[in-house]
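Structure assessment
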Amino acid sequence: MIRRKLSRMDKPLLLAAVAVALLGVIFVYSATMDRGDNAAGSFDPVLVKQVIWVSVGIVVLLLTASTDYLRVLDYSYLAYVVNLFFLVFLLLFGGERYGARRWIGLGPLSFQPSEFVKLTVILALASFLGERREKRGSLGNFMGAIAIVMPAGLLIFLQPDLGTALVLIPILLAILFICGENLKYIIGMISAGLVSMPFFWGILKDYQKARLMVFINPNLDPLGAGYTIIQSKIAIGSGGLLGKGWLNGTQSHLKFLPERHTDFIFSVVGEEWGFVGAVALVGLYVLVISRGIRIMAETEDVYGRAIAAGVITLMAFQVFVNISMTIGFMPVVGLPLPAISYGGSNTITSMIGIGFLLSISRRANR
């Protein structure tokens with residue numbers, strides 16, 4: 001039975017997802033080997049955890065892919081409400097780390113509910129708009145979808161985690177569009193968001209304002225808010241065409257580059273594997289996203305199309321924003337590179353999302 005299920009999955013997508021996750025282990029190893037937290041002759045605890053996360057992620061990917069996504073949708077609202085509970089719990093009782101309340105500790109481990117809420121929002125939106133497909137294009141569908149996204153977005157913004165809160169907006173727009181909701185409402189929402197952007201300046205934290213200011217002028221605070229992005233661009237630029245070689249990156253191994261195993265791991269790839277290696281990694285992501293688009297186009301089920309649209313948008317948005325901020329094309333907003341950056345919540349969420357794409361392709365190929 002397992003062999004039959006595997007035979008119906010989209011194999012290029014499965015192989016690309018596993019390759020991306022394994023590349024993550026390779027570069028987390030490089031980024032952490034000089035951190036100084038590991039005893040002589042042993043691996044860094046961060047690397048050990050990432051190996052565990054990737055192993056668990058691959059298992060969870062296969063389990064998700066082998067499960068009928070329509071059965072999972074029966075629990076979509078429950079999963080979403082439970083996730084909202086965790087977000088409220090964090091705001092009320094969560095411990096602060098790096099100036100934010102994003103993690104819930106479980107002994108030596110911790111998890112980030114805001115990572116998982118991306119998936120539960122996608123599932124809840126797919127359930128809601130799928131159940132109301134006969135009322136497609138109505139104002140009720142549009143407002144109901146917004147009502148699903150807003151509580152999660154607001155709670156994540158208050159953590160504060162601006163990057164993850166922003167991810168929910170393109171996910172909402174993509175699912176509304178693919179479900180055939182009224183374009184006038186969608187365009188109106190985008191227009192209202194653009195017009196009201198100046199008013200959001202006043203509610204941003206000081207460090208968020210500083211990041212935006214150094215994006216406009218990178219030399220405004222080179223030893224403060226602008227330090228990481230300057231070091232990131234030096235690392236990527238110094239990699240040249242073929243890079244300095246794996247484990248030979250000076251910006252990362254001499255500890256000039258902060259957050260090199262999390263949000264700025266693409267800078268390590270660029271420095272050590274150069275332009276060719278960076279393009280190869282982007283190519284793997286393009287393969288994942290293009291196979292996802294193909295799966296979305298081939299399925300005739302509205303629930304499957306909505307889930308696929310949400311997962312594809314989530315992956316594409318995070319890849320685009322993360323890489324853009326490491327090369328200075330966008331302000332730093334703290335988004336990890338899917339399945340590559342260190343972190344159990346990021347890795348497992350990414351693998352579950354791809355598992356849903358495989359589940360949709362498997363059902364479409366029956």
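Residues numbered from 1 in each chain as written. Predicted model: local features only at pLDDT ≥ 70, side-chain atom pairs only at ≥ 80, totals over all residues. Heavy atoms only, no water.

Notes on the nonpolar core
Residues I307 and L337 are the most contacted members of the largest nonpolar core, which totals 96 residues. For this core, the element with the highest residue contribution is helix α15 (residues 302-326), accounting for 14 residues. (Core = buried A, V, L, I, M, F, W, Y, C linked by side-chain atoms within 4.5 Å. Buried < 20%, exposed > 50% of the residue type's maximum accessible area, 1.4 Å probe, protein only. Helix = DSSP H or I, 4+ residues; strand = E, 2+ residues; numbered from the N terminus.)

Considerations on the pattern of salt bridges
Inspection of every chain in the model, using the stated rule, returns six salt bridges. K118 is the salt-bridge partner of E115, the closest N and O atoms lying 3.0 Å from each other. Taken together, the positions of E115 and K118, both in helix α6 (residues 113-131) and three residues apart, correspond to about one turn of that helix. Overall, K118 belongs to the buried group, its relative accessible area being 1%. (Salt bridge = Lys/Arg side-chain N within 4 Å of Asp/Glu carboxyl O.)

Re the environment of N83
Residue position: N83 is located in helix α5 (residues 76-93). By relative accessible area, N83 is classed as buried at 6%. Residues N83 and T120, 37 residues apart in the sequence, show an inter-C-alpha distance of 7.6 Å. Excluding anything up to four places from it in sequence, N83 contacts P113, F116, V117 and T120. (Contact = heavy atoms within 4.5 Å.)

Some thoughts on the packing of α6 against helix α8 (residues 162-178)
The geometry of a pair of packed helices is captured by two quantities: the angle between their axes and the separation between those axes. Between α6 and α8, the least distance of the axes is 10 Å, while the angle of their chain directions is 20°. Between α6 and α8, the crossing angle belongs to the class labelled roughly parallel. The way α6 lies across α8 gives a crossing that is right-handed. Residues S114, K118, V121, I122, L125 and L129 of α6 form the contact with α8, whose participating residues are T164, L168, I171, L172, I175 and L176. Considering only residue class, the contact of α6 with α8 consists of nine nonpolar, two polar and one charged. (Axes fitted to C-alpha atoms, helices over the stretch in contact; angles between N-to-C directions. Parallel < 35°, antiparallel > 145°, perpendicular 65-115°, else oblique. Left-handed = near helix turned anticlockwise from the far one by under 90°. Nonpolar A, V, L, I, M, F, W, Y, C, P; charged D, E, K, R; others polar.)

Concerning the environment of L287
With respect to the element layout, L287 can be found in helix α14 (residues 265-298). Between the alpha carbons of L287 and D206 there is a distance of 38 Å; along the sequence they are 81 residues apart. Once you skip the residues sitting within four places of it in the chain, L287 turns out to touch P12 and A16.

Quick word on unusual backbone geometry
A cis amide bond, omega 0°, links Q159 with the succeeding residue P160. For P160, the position within the fold is in the loop between α7 (139-157) and α8. Of note, L247 is a non-glycine position whose phi angle comes to about 75°, a positive value. With respect to the helices, strands and loops of the structure, L247 is situated in the loop between α12 (227-239) and α13 (250-253). In this structure L247 comes out as partly exposed when scored by relative accessible area, which is 26%. The phi dihedral of E259 falls on the positive side, at around 50°, and the residue is not glycine. With respect to the helices and strands, the residue E259 is situated in the loop between α13 and α14. Classification of E259 by relative accessible area gives partly exposed; the value is 43%.

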